[in-house]
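Structure at a glance
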Amino acid sequence: MAISHSTLAFTFGMLGNVISFMVFLAPIPTFYRIYKKKSTEGFQSLPYLVALFSSMLWLYYAMVKRDALLLITINSFGCVVEIIYITLFLIYATKDARSLTIKLFSSMNVGAFGLILLVTHFAVHGPLRVQVLGWICVSISVSVFAAPLSIVAQVIRTKSVEFMPFNLSFTLTLSAVMWFGYGLFLKDICIALPNVLGFGLGLVQMVLYGIYRKGSNKTKEEKAPQEPLKSIVIATSLALVEEQQQAKAKINGEQEDGNHEKEKIAAPATQPECV
């Protein structure tokens, strides 16, 4: 007996929920570190703001579409988790980082989302509303999937996969496959299309891992690439950005510890006072 499209869509959607659930929880070690040190160190808030913006848009799209329950479940969870991350970031961030985060949140998560909500609700009606909102979500998702290209460029430049672990690349590729299948069997091109790009990018990352994995040990000995990325990788594959930020913070911590040791060695020994 042939399996119906609705059954296949549900199966792919459930698997996509499970994988995406793990991806959303990937930053927990980062925020545990922030909580323990009471400082955001060199971490950035932009990936979490973009992830929240993306989840808000997909949640709105799923509610308007009305037959995409599994999109509602995972993006509802994503919104809650990202709000928690952003709140923790604001608590422990420096004054400048907190101010920038609030400005970005106000302009993107409140301003841009509010504008999209108003336009699609009052200016667009019927089936056209779903189409317009769907293509807005596609454009955001393409940006999110294309963002890790800067990490790919860094891997090629440094010939090291230190900032691009295979397990994360594999997980994100698998996630793209599941959500592509969900969109395909749901006959929703707006869900399926961006995940084609996500799958292709994931394959590129895994191929690069196979080529440059032997260069990781050498790079670790040299501590880090000479020059960090100038631009923030927005959303990301959020997990890839997360791993990169953790690695850089660890390297910076090791360098600071090394500097403290050098200062101790270089400092002249204090002479005992005469009584």
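Cut-offs used in this document
- Residues numbered from 1 in each chain as written.
- Predicted model: local features only at pLDDT ≥ 70, side-chain atom pairs only at ≥ 80, totals over all residues.
- Heavy atoms only, no water.
- Helix = DSSP H or I, 4+ residues; strand = E, 2+ residues; numbered from the N terminus.
- Buried < 20%, exposed > 50% of the residue type's maximum accessible area, 1.4 Å probe, protein only.
- Contact = heavy atoms within 4.5 Å.
- Areas by Shrake-Rupley, 256 points an atom, 1.4 Å probe, with all protein chains shown as cover.
- Core = buried A, V, L, I, M, F, W, Y, C linked by side-chain atoms within 4.5 Å.
- Salt bridge = Lys/Arg side-chain N within 4 Å of Asp/Glu carboxyl O.
- Expected span 1.5 Å × (residues − 1).
- UniProt positions renumbered as here; feature names shortened; annotations may be inferred.
- Phe/Tyr/Trp six-rings, centres within 6.5 Å; stacked < 30°, edge-to-face > 60°.

On to the overall build of the chain. A count of helical and extended segments in the chain gives 11 helices and 0 strands. Across the chain, helices and strands are ordered from the amino to the carboxyl terminus as α-α-α-α-α-α-α-α-α-α-α. The proportion of buried residues among the 275 residues of the chain is 43%. Contacts spanning at least 24 positions in sequence make up 81% of the contacts within the chain whose residues lie at least 6 apart. When the accessible area of the chain is evaluated, it comes to approximately 15300 Å², of which 67% is carbon and sulfur surface.

With that settled, consider the nonpolar core. Within the largest apolar cluster, 40 residues are counted, with the highest numbers of intra-cluster contacts made by Tyr 61, Leu 71 and Tyr 182. Only helix H1 (5-24), helix H2 (28-37), helix H3 (46-65), helix H4 (69-92), helix H5 (95-123), helix H6 (127-146), helix H8 (166-185) and helix H9 (189-212) provide two or more residues apiece to this core. No other element matches H3, which puts 13 residues into this core. Residues contacting Tyr 61, with those up to four places away along its chain left out, are Leu 71, Val 130, Leu 133, Gly 134, Cys 137, Asp 188, Cys 190 and Ile 191. Val 152, Val 161, Met 164 and Leu 201 belong to the second-largest nonpolar core, a separate cluster that totals 8 residues.

Its location among the elements puts Ser 55 in helix H3. The buried category is assigned to Ser 55, whose relative accessible area is 2%. Dropping the residues within four chain positions of it, Ser 55 is found in contact with Phe 24, Asn 75, Gly 78 and Cys 79.

Looking now at the pattern of salt bridges. Following the criterion strictly, the structure yields 4 salt bridges and no others. Measuring nitrogen to oxygen at the nearest pair gives 2.6 Å for the salt bridge that ties Glu 41 to Arg 33. The partly exposed category is assigned to Glu 41, whose relative accessible area is 34%. Its salt-bridge partner being Glu 41, residue Lys 37 comes within 3.5 Å of it at the nearest N-O pair. Connected through shared salt-bridge partners, Arg 33, Lys 37 and Glu 41 make up one network.

Next up on the list: H3. With 20 residues, H3 extends 28 Å from end C-alpha to end C-alpha; this agrees with the ideal 28 Å at 1.5 Å per step. Judged by how many residues are buried, H3 sits mostly within the fold: 18 of 20 residues are covered. Of the residues flanking the end of H3, it is Arg 66, one or two places downstream, whose phi is positive at about 80°.

What follows concerns the UniProt feature "transmembrane region" (unreviewed entry) in the chain. Those places that UniProt annotates as "transmembrane region" (unreviewed entry) correspond, in this numbering, to residues 12-34, 46-63, 69-92, 104-124, 130-153, 165-185 and 191-212. Measuring from the first to the last C-alpha atom of residues 46-63 gives 26 Å, for a span that is 100% helix and 0% strand. Across residues 165-185 one finds 95% helix and 0% strand; the C-alpha atoms that close the span lie 31 Å apart.

When we look at a pair of aromatic rings, we describe it by the centre distance and by the angle of the planes. Tallying each qualifying case throughout the model produces 10 aromatic pairs. Between Trp 179 and Tyr 182, the ring centres sit 5.4 Å apart and the planes meet at 90°, which makes this aromatic pair edge-to-face. Separated by 3 residues within a single helix, Trp 179 and Tyr 182 lie in helix H8, roughly one turn from each other. Accessibility expressed as a relative area gives 8% for Trp 179, which makes it buried. Residue class for Tyr 182 comes out buried when judged on its relative accessible area of 3%.

It is worth spelling out unusual backbone geometry at this point. The phi torsion at Lys 38 lies on the positive side, around 55°, for a residue other than glycine. Phi at Lys 159 is positive, roughly 55°, even though this residue is not glycine. As for its position among the elements, Lys 159 is in the loop between helix H7 (149-158) and H8.

A separate point is the environment of Val 110. Relative to the helices and strands, Val 110 resides in helix H5. The class of Val 110 is partly exposed, set by a relative accessible area of 47%. Spatially, the C-alpha atom of Val 110 lies 9.0 Å from that of Phe 53, the residues being 57 residues apart in sequence.

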